[in-house]
Amino acid sequence: MNIKKINNINFLGLKFLGELSRSGKLSKDNYYKRRFDRDEFLSNNDIKIISYIDKNISKDISIFEPGSGYSQVPLALSILGYKVFALEVREDRYKGSLYFKDKFSKTYGPLNNLEIAMGRYPKDAPKYNLINTNNFASTFNRENEESILNSFRSFHYCILDARLFGFKRSDEDVVLLVSKLKEMGFLYEKCFDDFYIIRNT
């Protein structure tokens, strides 16, 4: 695995996050300010997802992340050689993603395998092989849980963050969600912690 490269991406990302913070252009909700204060561009879960994909998913598989924020996971995966599409609904985070892509391109060269767009899932989703739903919590997803889960059938694979799908779930809620996947006919297996990879039967 590319642990050294992943750690370097985290180090550079934190440096760029600091520059963005000092410029006063961080997203207004303080989510990334808290990350900066914790000295993390990539969270522990981000690193686990990147490492899991790097170890288990072929470079032939295209990867899509909705609600990508500053696109830290898509950026890292593109640097590792994957074709990635990042979709973000908020304009400030979308612009932040473009900033980070430009910054990382100065170190790693043009990241032509990474596309970043502003839009809403599922309406603006590309036809990619794998969808990564990391921290995919929102009122819309909570209120439309079944239709969002059904939308994952459009992809060959889905990496599902069961703890933070729709809302921050208790242990009991995670168990209920996994049971629902079974009822809906999905095949699934645990990747790590509360992350599952799922596909149609």
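Up top you'll find the structure we're talking about.
Here's what I pulled together on the structure shown here. Small disclaimer: the values here were computed from a predicted structure and weren't measured.

## Concerning the overall build of the chain
Working step 1: Broken down by element type, the chain carries 8 helices and 7 strands.
Working step 2: For the chain, the share of sequence-separated contacts (at least 6 apart) that also reach a separation of at least 24 residues comes to 68%.
Working step 3: Counting every atom, the chain has about 10100 Å² of accessible surface; 48% of that belongs to carbon and sulfur.
Working step 4: Put simply, the chain has 32 plus and 26 minus side-chain charges, and the middle of one group is 4 Å from the middle of the other.

## Topic: the pattern of salt bridges
Working step 1: This model, assessed by the stated rule, comprises 15 salt bridges.
Working step 2: One salt bridge in this structure joins K95 and E91, with 3.2 Å as the shortest N-O distance. Pair noted here: K95 and E91 are both in helix α5 (residues 91–108), with a separation of 4 residues, about one helical turn.
Working step 3: When the shortest N-O distance is used, the salt bridge between R163 and D194 registers 3.0 Å. Here D194 lies in the loop between β6 (186–192) and β7 (195–200) and R163 lies in the loop between β5 (157–161) and α8 (171–183), a separation of 31 residues in the sequence.
Working step 4: Put simply, E145, E146, R169 and K180 are held in one network by salt bridges that share partners.

## Details of the sheet that holds β5
Working step 1: Pairing is mixed across the open sheet formed by 7 strands, whose spatial order is β3-β2-β1-β4-β5-β7-β6. Each end of this open sheet is capped by a strand with a single partner; those strands are β3 (114–118) and β6. Strand-to-strand, the axes of this sheet are offset by a mean angle of 20°, without reference to chain direction.
Working step 2: Pairing of strand β1 (residues 63–66) with strand β2 (residues 84–88) involves 4 bridges; the strand directions are parallel. Bridging across to β2, E65 finds its partner in A86.

## Points about the environment of R120
Working step 1: Among the structural elements, R120 can be located in the loop between β3 and β4 (130–133).
Working step 2: With 33 residues separating them along the chain, R120 and L87 place their C-alpha atoms 7.2 Å apart.
Working step 3: Sequence-distant contacts of R120, that is, excluding residues within four places in its chain, are made with L87 and V89.

## Thoughts on the pairing of β5
Every other side chain in a regular strand lies on the same face of the sheet, so the side chains alternate between the two faces.
Working step 1: Among the 5 residues of β5, 4 are classified as buried, and the element is accordingly described as predominantly covered.
Working step 2: Here β4 runs beside β5; their pairing, made up of 4 bridges, is parallel. In the strand pairing of β5, I131 is matched with C158.
Working step 3: Taken together, the 4 bridges between β5 and β7 define a ladder with antiparallel strand orientation. Across the sheet, L160 pairs through a bridge with Y196, a residue of β7.

## Section: the pairing of β3
Working step 1: As judged from the 5 bridges shared by β2 and β3, these two strands associate in the parallel manner. Among the inter-strand pairings, V84 is bridged to a residue of β3, identified as L114.
Working step 2: The parallel pair β2 and β3, bridged by α5, forms a crossover whose chirality is right-handed.

## A few points about α8
Working step 1: Taking 1.5 Å per residue as the helical rise, α8 with its 13 residues ought to reach 18 Å, and the 19 Å between its terminal C-alpha atoms agrees with that figure.
Working step 2: Those residues of α8 lying buried are V174, L177, V178 and L181. One side of α8 carries all its buried residues, which in axial view fall inside an arc of 95°. In α8, those exposed residues whose orientation departs by more than 90 degrees from the buried face are E172, V175, L176, K182 and E183.
Working step 3: The inward-facing, buried residues of α8 abut α7 (145–151), β5, β6 and β7.
Working step 4: G185 sits one or two positions beyond α8 and adopts a positive phi of about 90°.

Here is what the cut-offs are and how they apply
- Residues numbered from 1 in each chain as written.
- Predicted model: local features only at pLDDT ≥ 70, side-chain atom pairs only at ≥ 80, totals over all residues.
- Heavy atoms only, no water.
- Helix = DSSP H or I, 4+ residues; strand = E, 2+ residues; numbered from the N terminus.
- Contact = heavy atoms within 4.5 Å.
- Areas by Shrake-Rupley, 256 points an atom, 1.4 Å probe, with all protein chains shown as cover.
- Lys, Arg positive; Asp, Glu negative; His and termini not counted.
- Charge placed at Lys NZ, Arg CZ, Asp CG, Glu CD.
- Salt bridge = Lys/Arg side-chain N within 4 Å of Asp/Glu carboxyl O.
- Pairing = 2+ DSSP bridges.
- Axes fitted to C-alpha atoms, helices over the stretch in contact; angles between N-to-C directions.
- Buried < 20%, exposed > 50% of the residue type's maximum accessible area, 1.4 Å probe, protein only.
- Right-handed = clockwise from strand over helix to strand, strands pointing away.
- Expected span 1.5 Å × (residues − 1).
- Arc of directions from axis to C-beta.

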